[in-house]
Amino acid sequence: MAIELKMPALSPTMEEGTLARWLVKEGDEVSSGDILAEIETDKATMEFEAVDEGTVGKIVVPEGTENVKVGTVIAVLADEGEDVGDIEASSAEPADEGEESSAADDDEGASAGPAPQRPRREPRADPEIPDGTNMASVTVREALRDAMAEEMRRDERVFVMGEEVAEYQGAYKVTQGLLEEFGPKRVIDTPITEYGFAGIGTGAAMGGLRPIVEFMTFNFAMQAIDHIVNSAAKTNYMSGGQMRCPVVFRGPNGAASRVAAQHSQNYGPWYASVPGLIVIAPYDSSDAKGLLKAAIRSEDPVVFLENELVYGRTFELPELDDHVLPIGKARIMREGADVTIVSYSIGVGFALEAAEQLADEGIDAEVIDLRTLRPLDRDAILESLAKTNRLVIAEEGWPTCSIASEVIAICMEDGFDHLDAPVLRVCNEDVPLPYAANLEKLALIDAERIVEAAKKVCYV
Amino acid sequence: MSLDSDRQLEAFRRMVRIRLFEEALIAHNPVGHLSIGHEAAIVGACMALRDDDYVTGTHRSHGHPIGKGAEIGPLMAEIFGRRTGICKGLGGSMHLTDARMGLICESAIVGGGFPLATGAGLSAQVRGTDQVSLCFFGDGATNQGTFGESINMAAIWKLPVIYFCENNGYAVTTPVATSHGQPDIARRADGFGIPGVAVDGQDVEAVHAVVAQAVARARQGEGPTLIEARTYRFDEHSNRLAIPIEYRSQDEIEYHRRERDPVALYRAVLCERGRQQECEAVENEVRETIDAAVAFARESPEPEWADLWDNMYASPPGPEHARGDRK
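Treat the numbers as computed from the prediction; the structure is a model and nothing was measured. (Residues numbered from 1 in each chain as written. Chains lettered and ligands numbered in written order. Predicted model: local features only at pLDDT ≥ 70, side-chain atom pairs only at ≥ 80, totals over all residues. Heavy atoms only, no water.)

Asks: Residue-level account of helix α2 (residues 39–46) of chain B, with values.
Replies: With respect to burial, α2 of chain B is a largely interior element, eight of its eight residues being buried. Buried within α2 of chain B we find E39, A40, A41, I42, V43, G44, A45 and C46 of chain B. (Buried < 20%, exposed > 50% of the residue type's maximum accessible area, 1.4 Å probe, protein only. Helix = DSSP H or I, 4+ residues; strand = E, 2+ residues; numbered from the N terminus.)

The structure is reproduced here in structure tokens:
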């Protein structure tokens, strides 16, 4: 899948800048950290680094262009193995989706050239967002940053701490511009000391602040899990409600790309099993922003699981002054009648892809994004099951004792009478993630496996 | 910075409260990590703090809220597992939070309190108050990673934290001498560029003096101090725990009970100052307080089914939360 590179913001308030110089040309291979271009404003010059790896497919905005608006696509990166020549077609996809979305209530707007049996379904708008809201195309990375910046402006108790969050602007550039706006007292670079700063964040929450603790990845939070589980999650309970612990632990979670076993794990099920924690794992930009703002305002400790591979993806984000979404509510991403596909985080992308493929075969799949893993929206799962009578859960993570296991348990306990087929789970292979590219691909979930499972429960 | 006349008697009162509280537990309740022998270290440290200063405790932590001046009845009821307990019976012996007295948590995970106290200190710095945070911990905890991680951050950010070690010589049964590369714990401060002070933990006024100095330093924005109070645990690691090995001699225990009892030592000091009658009055008063606390705890109701669920989250009764109504 092509990755759009957008004009970055040097600060949350920057609106446009000059693309001073390209340091790469079309066809160049780049990896994370390579300097791609120099961006200038009247205040500063910044080197624009690659976050993802790939080949520079197309340079859209030539160097020397002035007044380039923040968010404008300036180049397109092709993934490994992707044909650079296909770039324009594939990069046009998000725009198409956007158009379909705005025409969601208009049957005439449906553009598919369907086979006779193809169910006609459009992406479903989030009912939490008022009709007629203007939408902007924003990456998940920017949506998360904006959520933090808005909450830091709103509440001076909110601050960010973690490794490389300040001067370096975030290991994955999620905290970009925050130091410039809020200063070093509220955007704090820590030593490499996860056990320590996770506990310090927890203690600061006990002391009346609203810390956002960034883990460079949740793999490193293994060092800190004692304070997430034993300190933060239990404060409210063990004190009989005397103490609150409003801390947010956030960072990328799940498999990245070619970083092997120690850097590729989904901790969703681990944290979701802990009473006292709230666990959120958003997929798109709107949920990333709306739920991170809700997490920061929550009186309870929140584990907020992002995904490195999704950071650079662009989605529609409502242009609202204060976009806050409810914690604990799943979202129907696509309505369907034949089978329910439940997923969360990066899995939602695969589920939506699978639903499209299933539509080509005449199967009408409903896709549910859990969004919050604890508390889990049982009602949303069961209501969809009552409608479709068949359910598949897709999870980018191990199968054993997983969110998938939990969803199956919910279906057995409270949805048994509605089941027309066993619930199937599509999870990663039950192995540490291997390094070799082909094995990695074999071990991770994809749309094809979801399609296969969905057909199986539909007895097709 | 020495204790004035009234505060001396208050220090004695709190020490006696800890002693009699623990003795009441021995008489009435089977399990707990007792602070008998540690009274001077605890009270000396707490008397140097204000009510709005933060304290974090440990698994051996009945003494910490008492030292900080907490009400006795709700503490006793908590250990009895009653609904009237300070934490509604949800925390228990090792988690005696008393937010009103600044006792923000007791982490029973050895070393767990270091970053929590440090974070509370950070909150004071960020909010611009002159509150300080005092972290109680034992000698065993200094071998946990959080010790170095937390003190390092407090040092580089000059946080108002006092790291107060109750070194009783043994981590359960493991002696400091065989488990610490640098058994002189106060000297570990050198590795973080902060002051480290060792003090006789059986002398309440000596402890108070060094903690008061560290508190003054912290309030002035000069950063953390590591204090090692050398004390002694009179009972076993945990009340009624059968220890199958002889890790310390009977002579050693008897010597400390006879010669190094902090309550007896301070009583003798006060008597020398002509305050015997006041000491006796305090002892009688505390006996009544403890008896009343035991009666209160025994008569209090146990928690109910709804209490199992009510304090898990501050805000959201999510769908899953409703499962508590299923019974």
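Resuming the write-up.
Asks: Run through the confidence of the model for chain B, naming residues and quoting values.
Replies: All names here are of chain B. Residues of chain B with pLDDT of at least 70 account for 96%, and the chain-wide mean is 94. Within the model, pLDDT remains below 50 along residues 317–327, and this stretch shows 23 contacts once partners closer than five positions in the same chain are excluded. Interface predicted TM-score (ipTM) for the complex: 0.87; the corresponding pTM is 0.82. (pLDDT = per-residue confidence, 0-100. Contact = heavy atoms within 4.5 Å.)

Asks: Account for the sheet that holds strand β4 (residues 35–40) of chain A, with residues named and values stated.
Replies: Residues and elements named next belong to chain A. The strand order β5-β4-β2-β7 describes an open sheet built from four strands, whose pairing is antiparallel. At either margin of the open sheet sits one strand with a lone partner, and together these are β5 (45–49) and β7 (65–69). Taking the axes of each pair of neighbouring strands and ignoring which way they run, one obtains an average angle of 40° across the sheet. Alignment of β4 against β5, held across five bridges, turns out to be antiparallel. Counted as the bridge partner of E38 is E47 from β5. (Pairing = 2+ DSSP bridges. Axes fitted to C-alpha atoms, helices over the stretch in contact; angles between N-to-C directions.)

Asks: Residue-level account of the sheet that holds strand β17 (residues 331–334) of chain A, with values.
Replies: Residue and element names in this part refer to chain A. Sheet architecture is open: five strands sit in the order β17-β19-β18-β21-β22, paired in mixed fashion. Both edges of this open sheet fall to β17 and β22 (424–427), since each of them pairs with a single strand only. The sheet shows a mean angle of 25° between the axes of neighbouring strands, taken without regard to direction. Bridging between strand β18 (residues 339–343) and strand β21 (residues 391–395) involves three bridges; their strand directions are parallel. Counterpart to T340 in the pairing with β21 is L391. On the sheet, helix α14 (residues 447–457) packs against β18, β21 and β22 and is oriented at approximately 175° with respect to β22.

Asks: Break down the nonpolar core for me, citing the residues and quoting the values.
Replies: Soluble, globular proteins show a tendency: their nonpolar side chains are buried together. By size, the foremost hydrophobic cluster in this structure holds 70 residues, and its most contacted members are F215 and F249 of chain A. Here the element with the most residues in this core is helix α6 (residues 145–157) of chain B; it accounts for six residues. Ignoring anything within four residues of it in the chain, the contact list for F249 of chain A reads A198, T202, V213, F215, F218, I228, A232, V302, V303 and F304 of chain A. Listed in part, the 63 residues of the second largest apolar core include V174, L317, A355 and A421 of chain A. (Core = buried A, V, L, I, M, F, W, Y, C linked by side-chain atoms within 4.5 Å.)

Asks: Let's hear about helix α12 (residues 403–414) of chain A: which residues, and what values?
Replies: Residues and elements named next belong to chain A. In a regular helix each residue adds 1.5 Å, so 12 residues correspond to 16 Å; α12 covers 16 Å between its end C-alpha atoms and thus fits that length. For α12, the complete set of buried residues consists of I403, A404, V407, I410 and C411. Taken down its axis, α12 places every buried residue within 120° of arc, on the same side. Those residues of α12 hidden inside the fold are in contact with α7 (268–272), β20 (372–374), α11 (378–388), β21 and β22. (Expected span 1.5 Å × (residues − 1). Arc of directions from axis to C-beta.)

Asks: Describe in detail the interface of chain A and chain B, supporting the description with residues and values.
Replies: Each partner contributes residues to the interface: chain A has 50 residues there, and chain B has 43 residues. Broken down residue by residue, the surface that chain A buries against chain B is led by I200, Y237 and M238 of chain A, which jointly contribute 19%. Here chain A and chain B share zero salt bridges between them. Remark: the boundary between chain A and chain B carries 17 residue pairs in polar contact (both at pLDDT 80 or more). Put simply, the parts of the chain that give the side of chain A that touches chain B at least two residues each are β10 (158–162), β11 (187–189), α5 (194–206), α6 (225–238) and α12 of chain A. If one sorts the elements of the side of chain A that touches chain B by residue count, α5 of chain A sits on top with 10 residues. Taken together, the residues of the side of chain A that touches chain B sort by class into 19 nonpolar, 18 polar and 13 charged. (Buried area = accessible area lost by both parts, 1.4 Å probe. Salt bridge = Lys/Arg side-chain N within 4 Å of Asp/Glu carboxyl O. Polar contact = N/O pair within 3.5 Å; in protein donor to acceptor, adjacent residues only side chain to side chain. Nonpolar A, V, L, I, M, F, W, Y, C, P; charged D, E, K, R; others polar.)

Asks: Account for the side chain of R248 of chain B, with residues named and values stated.
Replies: Residues and elements named next belong to chain B. By the element assignment, R248 lies in the loop between β8 (225–230) and α9 (250–259). Within the local environment of R248, its side chain forms a polar contact with the side chain of Y247, the two groups lying 3.3 Å apart. In this structure R248 touches Y170, Y232, R233, F234, D235, E236 and I253, once residues within four positions along its chain are discounted.

Asks: Go over the pattern of salt bridges, please, and point to the residues and values.
Replies: Charged atoms that come close allow side chains of opposite charge to pair. One pass over the full model with this rule turns up 51 salt bridges over all chains. In this structure, R50 of chain B and D52 of chain B form a salt bridge, with 2.9 Å as the shortest nitrogen-oxygen distance. The exposure class of D52 of chain B is partly exposed, given its relative accessible area of 37%. Three or more residues are tied together by salt bridges with common partners; here these are E150, E151, R154, K289, K293, R297 and D322 of chain A.

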